[in-house]
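Spelled out, the chains give:
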Amino acid sequence: MAHLFNRNVLLGVSGGIAAYKSAELVRQLQELGATVRVIMTRGAREFITPLTLQALSGHPVHTELLDEEAEQGMGHIELARWADLLLIAPATADLIARLAAGRGDDLLTTVALATAAPRLLAPAMNQQMWRAPATAANVATLAQRNFRIVGPATGEQACGDVGPGRMEQPPVIAEAAAAMFSSGLLAGKRVLLTAGPTREALDPVRYISNHSSGRMGYALAAAAVDAGARTTMVSGPVNLQAPEHVQCHRVESAREMLEKCQQLVSDCDIFIACAAVVDYRPAQVQTQKIKKGAADSISLELVKNPDIVATVAAGEYRPFTVGFAAETQDVLHYARSKLQRKGLDMIIANDVSASDIGFNSAENAVTVLWPDGEQSLARASKATIARQIVELVASRC
């Protein structure tokens, strides 16, 4: 069954009588696992109150494009980046026309222009309006721009007419939303990936580590499941819950991570090394807590940790192997060097010197490289980036 686990759905509600169904749609999306935020047009607020959708979604409803208070927090660009899916239900004839014309004259149409997320429309209007050549042309234009359409249904309408134009029922719309993330691109494949940081003990209370939150790796695991893969993850210590349908093995150190990967790699087709593995570990781990003495400094001897992705790439059971290159300078140069030196099939390069992407951020922007090509993925949520990476992996493995 399709699901929306770990997905951010931005629900746009425009001004039609079917807006009353949006309350139930919020519930249906949440039952499939989504986090839901709502944008309402001025017309929508004539049919249903923002308070209703705020209470159901658990988040403030966004209504104004030029809202100073909203811009300080989650303005239109932040909303556009936050969304894994923009779902507009109901989508009236007027809204469809404005979207087809490329208008950005309110918050909802502006977000529709600004988002890189998939966009799904559930039309709702009088049957004659739906049959009008102008509406048909507008819908065709949006379809060419990769908008997806669900419905409309046929039946009795609020005005008394009978015909096509009724908004589809919320369960149908929610299932259509979930199906957009179930690509089947990796159906039958087995994916093994690593995520999070590692910790290298100094003594019983201290360790060496890094700032990795694990979000990118966990987003990749969710994307692999959505693509139909049997997914296993080896995770360093993070404060994240494993995505649904992912078998998760938790480890601490680089050597523990390598050992677990070597146990599992013969049962995978694709290996994605997303973990931020600590390069060096203390040569000796003290059995008791190191005490602060009179000296102003102490020396610490470090030894190199095993290179997990290079070991897998050179192993007997070699899957399609993907690495990550988290760099602070000359990002593409160092990434291309790692791709060749470690014998990888693909590498994802990201600039971790930028504070608003990469480590401890909800967003990322990366370049994916392979031996004879590369593709840049623009800044977006890590869930969106993860889906794009999985699509590229599926196209080449």
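Further up the page is the structure itself.
Keep in mind that what you see is a predicted model, and the values were worked out from it rather than measured.

**Student:** Residues and numbers for the pattern of salt bridges, please.
**Tutor:** For the structure on display, the rule yields 17 salt bridges. As a salt-bridge pair, D94 and R98 come within 3.1 Å of each other at their nearest N and O atoms. With D94 and R98 both in helix 5 (residues 93–100) and 4 residues apart, the pair spans about one turn of that helix. Between D106 and R98 there is a salt bridge, with its nearest N and O atoms 3.2 Å apart. What makes R98 buried here is its relative accessible area of 15%.

**Student:** Give me the lowdown on the nonpolar core, citing residues and values where you can.
**Tutor:** Most often, soluble globular proteins have nonpolar side chains that are buried together. Core analysis: the largest hydrophobic core is formed by 37 residues, its most contacted members being L220, V368 and I389. Sorting the residues of this core by element identifies strand 8 (190–195), helix 10 (215–226), strand 13 (270–273), strand 16 (320–327), strand 17 (346–351), strand 18 (363–370), strand 19 (373–381) and helix 14 (382–396) as the ones contributing at least two each. By residue number, the principal contributor to this core is helix 10, which donates 8 residues. In this structure, I389 is in contact with M216, L220, F324, I348, V368 and L377, ignoring residues within four places of it in sequence. A23, L25, A34 and I173 belong to the second largest nonpolar core, which has 34 residues in total.

**Student:** Give a detailed account of the pairing of strand 2 (residues 35–40), specifying residues and quantitative values.
**Tutor:** Among the 6 residues of strand 2, 5 are classified as buried, and the element is accordingly described as predominantly covered. Two strands pair when backbone bridges link them, and strand 1 (residues 8–13) and strand 2 are joined in this way by 6 bridges, in the parallel orientation. What sits directly across from V13, in strand 2, is M40. Viewed along the sheet, the connection from strand 1 through helix 1 (residues 21–31) into strand 2 turns out right-handed.

**Student:** Describe the packing of helix 5 against helix 6 (residues 107–114), with residues and values.
**Tutor:** Contact pair helix 5 / helix 6: the axes reach a minimum separation of 10 Å and the direction vectors enclose 40°. If you check the angle between helix 5 and helix 6, you find them oblique. The interaxial crossing formed by helix 5 with helix 6 has right-handed handedness. Judged by residue contacts, L95, R98 and L99 of helix 5 engage L108, T109 and A112 from helix 6. Residue composition of the contact of helix 5 with helix 6, grouped by class: 4 nonpolar, 1 polar and 1 charged.

About the criteria used
Residues numbered from 1 in each chain as written. Predicted model: local features only at pLDDT ≥ 70, side-chain atom pairs only at ≥ 80, totals over all residues. Heavy atoms only, no water. Salt bridge = Lys/Arg side-chain N within 4 Å of Asp/Glu carboxyl O. Helix = DSSP H or I, 4+ residues; strand = E, 2+ residues; numbered from the N terminus. Buried < 20%, exposed > 50% of the residue type's maximum accessible area, 1.4 Å probe, protein only. Core = buried A, V, L, I, M, F, W, Y, C linked by side-chain atoms within 4.5 Å. Contact = heavy atoms within 4.5 Å. Pairing = 2+ DSSP bridges. Right-handed = clockwise from strand over helix to strand, strands pointing away. Axes fitted to C-alpha atoms, helices over the stretch in contact; angles between N-to-C directions. Parallel < 35°, antiparallel > 145°, perpendicular 65-115°, else oblique. Left-handed = near helix turned anticlockwise from the far one by under 90°. Nonpolar A, V, L, I, M, F, W, Y, C, P; charged D, E, K, R; others polar.

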